[in-house]
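Letter by letter, the chains look like this.
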Amino acid sequence: MIIQKAIRSQIGVVLLVVGLLLCLIVPFSELNMRYPNTDSGVFQYVGWRILNGQFPYKDVWDHKPPVVFYLNALAETFTPYSRWGIVGIEVLFFLISALLSYRLLQTIFNRYIAVLGLLIWLWFLNFFLQGGNITEEYALVFQFGMLALFLSAVCRSDWGWRSYAIGLLGGAAFSTKQTSTGIMLAIGIYVVGEALSRRQFRAMFTRGVAMAAGALTIPAAFMGLALAQGWFSAFIDATVVYNLAYSSSGSLRNSLSSMRFVLQTFLDMGWPLLLLSSLGLGLYVIQNVLSLISKRRSLPATAAPVAVDRGMQPVLMVAALGFGIDFVFATLARRGSAHYIVGLFPTATILAGYFLYQLNTALHRYFIKRQSLTALSWIIPTVLVITLCAVMFGRYTQIVTVYHSTYSYYSEVSDYIESHTAPTDTVLLLGTHTTLNLITRRTAPSRFVYQLPLLTSRLVDNSYASEARIEGFYDDLLTNKPRLIIDTTSQGLDSPDAFAVTSPRVIAKKQQLAAQYTPVGTITPNQWTIYQRLDSNSIP
């Protein structure tokens, strides 16, 4: 009876989660989007090659941490030649994230705010996924998990194993997306600040060491695997050297431009979530400033919106710190992307929930003397949230339409590749369209399956695109002899401007390669030029 009652009491939440997950799945599933987007295509390609005995970074270059590659390899195991496997893994991660966030918000505030919070973050996630299978969405599980463990440790006054577990989840987040560690850093700052204020140095040391040990566990495991399999140096080169060059290149003006892009994107596609979280952050800051001025923990009801209880205060502090840190991390890349904002969702959801909690409580206090109007204290916040979600429904329908039409020209290109090459042939897509290697199951002739790290203007100072790396790329092509080279950059095989660094040796290799190929046509609508190796027949 108790179990049945619990199930009945949560049936609305279950239906809400299922409905929102369907909204997330439909746009980027094969029901609507035949081909994966650029990033997802790379991740799936790497997963496919892992199952065929190759190694990430060493045999297939990318600069993301390894978790996403092995998740895609797992999906490829279950559903080869299909994206349903990775969609299933995404649904599992979304479901766990939703349950964690609901439990977290229910514990901090109440069930009502938890339901509103679920509606907010799952709905607005639609506008930032950009086709799905992105690193930030998998990191959400670890971010919400860290917040849940932190709340448990604070409420129980028992850190114990939770310190290590928080660090472990932080390490998992780092191994999924390096910039998804703002919450772990915020918790660390809280631990240090709390211990110093109470002069509990031993507790600070114990918790700090446990968190650090947990944070190092998963990255150390991957480094051990890399050493054992011989791809450690390539791993460091891609995930450390390249990312440092990528994030540190450029001037202060470029940094401010990146921040402006992130803020503008948030305003454009998720302004209701940004509005609610900013109001929550503002209320929290004002309350604490007034509390500091009055030298009291919480203000009287006449001076403060609503007093913050013992369990809520630390989580709000971590959420406020984490929101700021994650925002800075989202702006580190000089080439901004909308999905970078997904890393802000856990902390933004808590801050938005805090504003709604304050609004609900204040309204309840106002209407409590008018019992017939008490329901308005619940109706008004609900209507507010539903209205904010509804005004973005037009944007959602646009996303579904765009995803349906995106990469529709891939069909023509993939048909050409399959009809003019054998499965054992290699094919180079000069540019960023690794997805075509994936869907045709034609391997790339170089570990630089896409060449953005080497092309002009990828980095402001081009510090990663060295002469040695570009020479290595051409050596791969001259050795592995791709049957087809499809130039999606409109630069041409012998163009001196295609790559970021040139030299007499690079030019010589470029001319040697160009002499072995001849243009055989173009593919519309983007006018990609197709080059075929001179010593190969048109149809294998």
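Before reading on, note that the structure itself is shown above.
This report concerns the structure included in the present document. (Residues numbered from 1 in each chain as written. Predicted model: local features only at pLDDT ≥ 70, side-chain atom pairs only at ≥ 80, totals over all residues. Heavy atoms only, no water.)

**Section: the overall build of the protein**
Inference 1: For the protein, the count of helices and strands is 19 helices and four strands.
Inference 2: A total of 540 residues make up the protein; the buried ones form 53% of that total.
Inference 3: In the protein, once contacts between residues fewer than 6 apart in sequence are set aside, the share between residues at least 24 apart is 75%. (Helix = DSSP H or I, 4+ residues; strand = E, 2+ residues; numbered from the N terminus. Buried < 20%, exposed > 50% of the residue type's maximum accessible area, 1.4 Å probe, protein only. Contact = heavy atoms within 4.5 Å.)

**A closer look at the packing of helix 3 (residues 67–78) against helix 4 (residues 84–108)**
Any two packed helices are characterised by the angle at which their axes cross and by the distance between the axes.
Inference 1: Across the interface, helix 3 lies against helix 4 with an axial gap of 7 Å and an inter-helix angle of 125°. Here helix 4 runs oblique to helix 3, going by the angle between their axes. Regarding helix 3 and helix 4, the two cross each other, and that crossing is right-handed. Across the interface between the two elements, Leu71, Asn72, Leu74 and Ala75 of helix 3 pack against Gly85, Ile86, Ile89 and Phe93 of helix 4. (Axes fitted to C-alpha atoms, helices over the stretch in contact; angles between N-to-C directions. Parallel < 35°, antiparallel > 145°, perpendicular 65-115°, else oblique. Left-handed = near helix turned anticlockwise from the far one by under 90°.)

**Points about unusual backbone geometry**
Inference 1: The backbone phi angle of glutamine 130 is positive, close to 50°, even though this residue is not glycine.
Inference 2: Locating glutamine 130 in the fold gives a position in the loop between helix 5 (111–124) and helix 6 (135–156).
Inference 3: The phi torsion at lysine 481 lies on the positive side, around 50°, for a residue other than glycine.
Inference 4: Residue position: lysine 481 is located in the loop between helix 18 (467–480) and strand 2 (484–487).

**Structural notes on empty space enclosed by the protein**
Inference 1: Counted by the stated rule, this structure contains four cavities of 30 Å³ or more.
Inference 2: As a volume, the largest cavity reaches approximately 70 Å³.
Inference 3: Sorting the residues of the lining of the largest cavity by element identifies helix 6 and helix 12 (312–330) as the ones contributing at least two each.
Inference 4: Considering each element in turn, the lining of the largest cavity owes the most residues, three residues, to helix 12.
Inference 5: As a volume, the second largest cavity reaches approximately 60 Å³.
Inference 6: As for the second largest cavity, its lining consists of Gln44, Asn72, Ala75, Glu76, Thr79, Ser82, Arg83 and Ile86.
Inference 7: With three residues, helix 3 is the single largest residue contributor to the lining of the second largest cavity.
Inference 8: Among the residues forming the lining of the second largest cavity, the class breakdown is two nonpolar, four polar and two charged. (1 Å grid on protein atoms, 1.4 Å probe; cavity = no way out; pocket = protein on both sides within 12 Å on 5 of 7 lines; lining within 4 Å. Points joined across faces, edges and corners; volume = space filled by probe spheres on them. Nonpolar A, V, L, I, M, F, W, Y, C, P; charged D, E, K, R; others polar.)

**Thoughts on the packing of helix 4 against helix 6**
Inference 1: Axis separation between helix 4 and helix 6 bottoms out at 9 Å; the angle between their running directions is 25°. Looking at the two axes, helix 4 sits roughly parallel to helix 6. Handedness of the helix 4/helix 6 crossing: left-handed. Within the contact between the two elements, helix 4 uses Ile86, Ile89, Glu90, Phe93, Phe94, Ile96, Ser97, Leu100, Ser101, Leu104, Thr107 and Ile108 and helix 6 uses Glu137, Tyr138, Leu140, Val141, Phe142, Phe144, Gly145, Leu147, Ala148 and Leu151.
Inference 2: Class assignment of the residues belonging to the contact of helix 4 with helix 6 gives a composition of 16 nonpolar, four polar and two charged.

Geometric descriptors of this kind do not, in isolation, establish any biological role.
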